[in-house]
Each structure stands twice: as structure tokens, then as C-alpha cells.
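Coordinate analysis (summary)
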Amino acid sequence: MSGGMANAKHDFRSAAAEALADRSLQKALHNVKRGFVSKREAAKAKLPEFDTLREEARAIKDHTLSHLDLYLEAYERKVTECGGQVHYAPGAADARAVVLRLCEEVNAKLVTKGKSMVSEEIGLNEHLKAAKIEVVETDLGEYIVQLRGERPSHIIAPVIHLNRESIELEFRRKHERLKRDRRLDQAQYLVAEARALLREKFLAADVGITGANLLIAETGSSVIVTNEGNGDLTETLPRMHIVIASIEKIVPTLEDASTILRLLARSATGQEITTYTTFATGPRRDTDPDGPTQYHVVLLDNGRSEMLSNEFADMLRCIRCGACLNHCPVYGAIGGHAYGSIYPGPMGAVLTPQLAGIDRARDLPLASSLCGRCEEVCPMDIPLPDMMRAWRERDFARGNPPRAERRLLKLWAYAAKRPRLYHALAGLFARYLVRRAGARGRLSRLPLMQAWMSLRDLPAPEGKTFHQLHSRMKAKDRP
Amino acid sequence: MSTDDARTAVLGRVRAALGVASLDRARKAAVARRLERHPRGTLPARAKQGRAECIALLSEMLTAQGADVRRVLTRKDAVAAIASYLGTCNLPPRIRLGKDGQLAALPWRDAWDIERSIGPARPDDQAAVSRAVVAAAETGTLFLVSGADNPTTLNFLPEAHAILIETADIVGSYEEAWDRLRGMYGAGRLPRTVNLISGPSRTADIEQTIVRGAHGPRRLLVLMLG
């Protein structure tokens, strides 16, 4: 697997430990809680129909996915009817090849890009660059990660891991031809500088590549949502527009799209709607004075069709709003890069093992306390904790966990299936802990738990187990 | 892999995973029915108000999202509002606009010093004027359609953008707006681009600080006419 998916060498555990020790990252991650979480809460409160729409959106996607072959065909017919072309890509390499061929057909030297996670997934930029085509990301956040040679750390806020100071530093380093003493001490100056530089690129680009938040079968349209307007300049100015989207982005009608759009921005940034929501349908028409003369859609499968029939099918409802990342205590503590995949957080912990293989991503579904906040805030009602658990089971069945871990789990399972034995052992263990804690009433060291105990003390138990206390209370209640 | 092979492969995998055959009539009928009838989901209560409330809501939402909104009762007032907006923005009295009949019918001679050019945006254009064909009050969203009347580039290249919406074209929900477009273009058809615009361009990528004028217009004037 190439591109942005987990690579074999990535070590989640050490990356997470580094992230926790990275002060500037920790400062930057604070913005997630300050911004996204409270804004989403406020936006949801202002729309009393939110939960009803959530149920309806779920039903729309479930219906579409169970008829996906037919909706894909209907969509394709519409795109063709409007003068566009649909290209199916079974895997990442197929998609890269199609995009490169299309670029070469118009002799493209410069390609501008709107934000697209699917293009990150397939490693599109590297592929085009290797063919001597200049690729410029135009979403401000994506532009900054591209300058830094990084990957986005959040699916809707690519530079959430950075503070303004690091961005200023990067601009001064990379924008060499600009005056040294210019002001860049506020976000607005950085934005203005990127705007001016990217204008030149927009106007000179031969091909514009965007993703799609939705594809509409009824009209053959691709939909993008942005606040900056970069996606629109990308798909309006060059002579060719290429949309790259995965097959599960299809919805039947404009009405279905409307229901989902009501949930998307509110769940993502807490906006009522993004500034721009654009429906693009085919190339320039006969009387149009502007717009691209060629319109292509690359439909990527890359593992999605397999998910239709396995225990991760619900994940195909995902609309990439990022709410599960924003509300995840693990993501909030370590940020996106530690996951080693361009899909981080709970949605990534489910998706990455499917795309890259569980052997390469086995730590990701483990990186969760299964607290359930992700499922609670998911606008598409995706049971993320259940699916992380399903990956753990698969991982166990494949014999991936280390032997010590497997033995312990088996031992625990043995006891858990025998209530009397379990209660007896629990009672013994509780008494052992009380004795060990002594008069302090706290434990600061325990065998086999050095790492966990190095950061915290454990209060000693009361001396009785829950079951013992419970039966005693029941006995008391009896008349 | 050839184009046809790739298509067969993807559709084949999807059908295999779903355990269906391509000729299943009941499934085909269900899909055709949904596409033809395009049933509505739940509309927010706020989108189901009377015209006066919708006009007020559109204005309120757009203002909250950073647009400057003016209610103008006459065409004369619309022209005056555009002229004074250019002044407020410190922009020269030059605008670009398309061939929209309603815009052409504005009494431009009242603002004799405004220089008008017709056509798609050019890189150095600083101000543009467009007309929205319909607006959905629920989120303060204007619907602009591509074509010679209102070229899409006008919506994004200039620094300042003025959009005219006639109050008769203000509806409550997105769904009502789509029905308007179906009336204009036919069922299942859309113009090349439909831009839903709900404020000026912005970004919050840097430390979640909102900055206006990321790539599109820094300033958006919305004129509600009538």
C-alpha cells in the first residue's frame, strides 16, 4: 500500500509517546477542544430536527449502499449525458494511472488541487510529481502541509497540529522572493500572502483536481463544500476538471444531498453551512463563457466494495466530517500524525486496517478506551466502538497479539466463564491489594503494571468486591 | 487495466458483495422510483415560515456569516447601494457583470460614474455583480447558476461581490430551491455549476482564527430587492 496509508515501519506506540511529549503539539491540540467541540454543540442546539435528520441520513446511505451498483450506473449515465466522463478505478494504482493519463493528454505542466482525502489515500501528488507535473495544494491548510513536506493531521483541519509561529517560520523559509521584513505576526497576514501566491497558480493551472463530498445520481453532479473558495477556483479556471471520489460518496437525489448537507457542516466546524457548496455537472456548456472544457470523474473502489459485505459496512456511511476526531480523547491527546495514516482518530482506526491491512495497523483499533463519544457525535450513526472491537477480534483470531497478551486474555476468559472461580479470585485479589496498600490506602507500584503505575497511584479497594457488597445489600433489603 | 475492464471489475465486485444480480427488476424499480420522485426528508421548522419571516431569516443568517445585507425597495435604490458599497470598500467605480436581463434592467444611468464591463471575470477585476436565481432562508444561502447571464468566475475572482436577490425568489428550504431549478432546467438536469453561497470567503485553518477573504471575495454585499 502506498500513499497516505499506514506504512509497515510506522510504530504507533512510540509515535504516540513522542506526541505526548511534544509541547507545541499539545498547545496546538488545545484548539480542537476550544473550537470544534463547543461550536458543534451550539450548531446542533440551534437545529431541533438534528436527531431526526441523523436517522434519515442513515437511512439514505443504507438504501444507497444496498443499491450501490445501480446508483453508480445511473450516476454514470447522467455524467455522460452532460458531456463528462466516468473512469472506474478498482485500486489506488489504477486511479493514479487514470489521473496521470488525463493530465498527460492535455500536456499539463501545472495542476491545482482542492482538498481531497482520497487523493491523499492513493498518494496522487507524488505520482504526478514523478512525472514532472507541478502539483499545488490550494486549501490553505493543505498548502501549508505541502510546504512542510508533511501529511494533514486532521481530515478537515490539516494543520490543526501547528501554531501560527511555525507557519510563519515556514512561510519565511519557503517564500524566499518576498521581503524579509514583512509582517506575518497575525493569521490575516499569512492568509493574504498565501492568497496572493496561489492566485498565480490558479490562473496558470492546466488541470484542476478536486475531491467530492457527495455525488448525485439524479443529476450526475459532484458536490464540494469549502469555506475558502479554493475548490471553486480549482474547478472553474483550468481547462480540465478531474473529480476523484470513492464509490460510497453517491446519494440518489438533490433532496438526499440536502439532508446530509444539513448535518455535515454542523458536525464538522459547527457552521450552519459552509460558505460555498458547489454542484458541478459536466464541462462548460455551449453558451457558457467560463468553466473547464473537460470534466472527468475517477471513481475509486480501493477496498470499499469488500466492506459492503463485511462487519465494517456501516463505515461506508461516513461523510468525513471529523466529529469523531474532535471528540476523541485519544486523538485529542496525540493528534493525527501519530496514527501514521491520513485517516486518524476513530474513523481512521476502523478504515485504515481495511485499506492497509490489519497486520500493518493493528495498534489503531487498540488506541481507544471505547468511551463511545465518537459514536454519540457521529452524524451518520456509525457504531465506531463496535467496529474497533471487531478489528481487535480479527486481530486476535489472526494470532497477531504477542504471546503474553494472548495468555493473559485466555486466562481471564477462563475465569470469566466460571463465576464462582472469578468471584473467589476477585476477592483474593482485593484483599491482596488492601494488604499491600497498608495504612497509606494507596498503591504506587504493582507487579506487571509498571508502565501504568509510573504515572499514577491506585487507591486501594475497600476490601470487599462489588459482588460481595451487592449480595450483602440485597440481604439487608430483604424484610 | 482498460476502462471497460475496470468498470466491469468494480461493478462486479459491488454486486458480488451485495449478493445481487444485475437484472433484479425489483431493485431497479426501487432505484428508478426514488430518482423520479426524489422524496423529501424532514424540513427544519425554521424553513417552513411565511415570506416575511423567510426574508428576515435570510438576512439574519447572511449577516451572521459575515455578509453585508441591504433591503432595497426599488431598482434605483439597488444601483445606489452598489455605488455606495464600492465607496465603502475603497474600490474604484468599476464592476464586471454578465448578461443577466434583470441586472441589465437596473437604472445604471443613475450611477453614471460606474464603469460596467460585461463577461466572465478577469484576474484584475475588483468588483462583480451577479443575480441569484433563488435563495434558501434556512441557512442564508444564495443559489447562483452558471451561464452567460452570471458567469461563475464572477463569484470567486474579484475582491468584492454584490449579489442581487429579488424577494419573490426567497424560499425557506434547499428543497424548494431545487424545485425552482427543476422548473428552469427540467427534471434531473442542472446547469454546469450551481454555487450555493452563504457569506464571504473565509478560512479558520490557522489556530481556528477566522480570517475573511481566503481565496474568494473578502466582501459580500447582498441586495434583497422588493
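For the structure itself, consult the block above.
Here's what I pulled together on the structure shown here. (Residues numbered from 1 in each chain as written. Chains lettered and ligands numbered in written order. Predicted model: local features only at pLDDT ≥ 70, side-chain atom pairs only at ≥ 80, totals over all residues.)

1. Description of the overall build of chain A
How we decide: Secondary structure elements follow DSSP: runs of H or I no shorter than four residues count as helices, runs of E no shorter than two count as strands, and numbering proceeds from the N terminus. This radius of gyration counts C-alpha atoms alone. The globule rule is 2.2 Å times how many residues there are, raised to the power 0.38. The exposure label follows from counting other C-beta atoms within 10 Å of a residue's C-beta, where the C-beta atoms are placed from the backbone and the thresholds are 20 or more for buried and 12 or fewer for exposed, leaving partly exposed in between. Contact between residues is assigned whenever the C-beta positions, reconstructed from backbone atoms, fall within 7 Å.
Secondary structure assignment for chain A yields 22 helices and 12 strands. Taking 479 residues into account, the globule formula puts the C-alpha radius of gyration at 23 Å, and chain A, at 26 Å, falls close to it. Its C-alpha atoms put chain A at 85 × 60 × 45 Å along the principal axes. Residue burial in chain A is summarised as follows: out of 479 residues, 52% are buried. At a minimum sequence separation of 6, the contacts of chain A that also span at least 24 residues come to 75%.

2. Points about the interface of chain A and chain B
How we decide: Pairing between strands is defined by DSSP: at least two bridges between them are needed.
Each partner contributes residues to the interface: chain A has 78 residues there, and chain B has 66 residues. The pairing of strand S9 (residues 276–280) of chain A with strand S9 (residues 193–197) of chain B spans five bridges and is antiparallel. In the strand pairing of S9 of chain B, Thr 277 of chain A is matched with Leu 196 of chain B.

3. Some details on helix H10 (residues 187–204) of chain A
All names here are of chain A. Just so we agree on the cut-off: Multiplying 1.5 Å by the helix residue count minus one yields the expected span of that helix. Throughout, the bend at a residue refers to the angle made by two axes, fitted to the seven residues ending there and to the seven starting there.
The terminal C-alpha atoms of H10 lie 26 Å apart, and with 18 residues this matches the ideal 26 Å at 1.5 Å per residue to within 8%. Approximately 25° is the largest bend angle found in H10, and it occurs at Leu 198. Regarding H10, the residues found buried are Ala 187, Leu 190, Val 191, Ala 194, Arg 195, Leu 198, Lys 201 and Phe 202.

4. A look at the sheet that holds strand S2 (residues 94–97) of chain B
Neighbouring strands of a sheet are bound in pairs by backbone hydrogen bonds; such pairs are parallel or else antiparallel. Residue and element names in this part refer to chain B. Stated precisely, the cut-off is as follows: Simply put, an axis is a line fit to the C-alpha atoms, just over the touching stretch for a helix, and the angle between two N-to-C directions goes from 0 to 180 degrees.
Taken in spatial order, the six strands line up as S1-S12-S7-S4-S2-S3 in an open sheet, and their pairing is parallel. Every other strand in the sheet has two partners, leaving strand S1 (68–72) and strand S3 (115–118) as the edge strands with one partner each. Adjacent strand axes in the sheet meet at a mean angle of 25°, parallel and antiparallel pairs treated alike. Sheet topology note: the S1/strand S12 (residues 219–225) ladder contains five bridges and is parallel. Looking across to S12, one finds that Val 72 is bridged to Leu 225.

5. Observations regarding the sheet that holds strand S8 (residues 250–251) of chain A
Within the open sheet, the eight strands sit side by side as S8(A)-S5(A)-S6(A)-S9(A)-S9(B)-S6(B)-S5(B)-S8(B). Their pairing is mixed. In this open sheet, the two edge strands, each paired with only one partner strand, are S8 of chain A together with strand S8 (170–171) of chain B. Bridge analysis of strand S5 (residues 134–136) of chain B against S8 of chain B gives two bridges, and the strand direction is parallel. Bridged to Ala 136 of chain B within S8 of chain B is Val 171 of chain B.

6. Comments concerning the packing of helix H12 (residues 254–268) of chain A against helix H6 (residues 174–185) of chain B
Convention followed: In what follows, roughly perpendicular refers to angles from 65 to 115 degrees, roughly parallel to angles under 35, roughly antiparallel to angles over 145, and oblique to any angle outside these ranges. Take the far helix as your reference; a near helix turned counterclockwise from it by less than a right angle gives a left-handed crossing, and one turned clockwise gives a right-handed crossing. Side-chain classes follow a simple rule in which Ala, Val, Leu, Ile, Met, Phe, Trp, Tyr, Cys and Pro form the nonpolar group, Asp, Glu, Lys and Arg form the charged group, and the remainder, Gly included, forms the polar group.
At a closest axis distance of 10 Å, the pairing of H12 of chain A and H6 of chain B adopts a crossing angle of 150°. Judged by the inter-axis angle, H12 of chain A sits roughly antiparallel to H6 of chain B. Regarding H12 of chain A and H6 of chain B, the two cross each other, and that crossing is right-handed. Facing H12 of chain A, whose interface residues are Leu 254, Glu 255 and Ser 258 of chain A, H6 of chain B presents Tyr 174, Glu 175 and Trp 178 of chain B. Split into classes, the residues belonging to the contact of H12 of chain A with H6 of chain B amount to three nonpolar, one polar and two charged.

7. Observations concerning the environment of Pro 459 of chain A
Residues and elements named next belong to chain A. With respect to the secondary-structure elements, Pro 459 resides in strand S12 (residues 458–459). Counting along the chain gives 253 residues from Pro 459 to Asp 206, while the straight-line C-alpha distance between them is 65 Å. Apart from the residues within four sequence positions on either side, Pro 459 is in contact with Gly 441 and Arg 442.

8. So, the packing of helix H4 (residues 68–81) of chain A against helix H1 (residues 3–18) of chain B
Between H4 of chain A and H1 of chain B, the least distance of the axes is 9 Å, while the angle of their chain directions is 150°. As far as their axial angle goes, H1 of chain B and H4 of chain A are roughly antiparallel. Side by side, H4 of chain A and H1 of chain B meet where Leu 68, Asp 69 and Leu 72 of chain A of the first sit next to Leu 11, Val 14, Arg 15 and Leu 18 of chain B of the second. Taken together, the residues of the contact of H4 of chain A with H1 of chain B sort by class into five nonpolar, no polar and two charged.

9. As for the pairing of strand S10 (residues 294–300) of chain A
Residue and element names in this part refer to chain A. Judged by how many residues are buried, S10 sits mostly within the fold: six of seven residues are covered. Both strand S1 (residues 85–89) and S10 contribute to a ladder of five bridges, which runs parallel. Its bridge partner being in S10, Gln 85 is matched across the sheet by His 296. The pairing of strand S7 (residues 240–246) with S10 spans seven bridges and is parallel. The residue of S10 that forms the bridge with Met 240 is Gln 294.

10. Focus: unusual backbone geometry
Located in the positive-phi region is Asn 302 of chain A, a residue other than glycine, with phi close to 45°. Among the residues examined, Asn 302 of chain A registers 24 C-beta atoms within 10 Å and is labelled buried.

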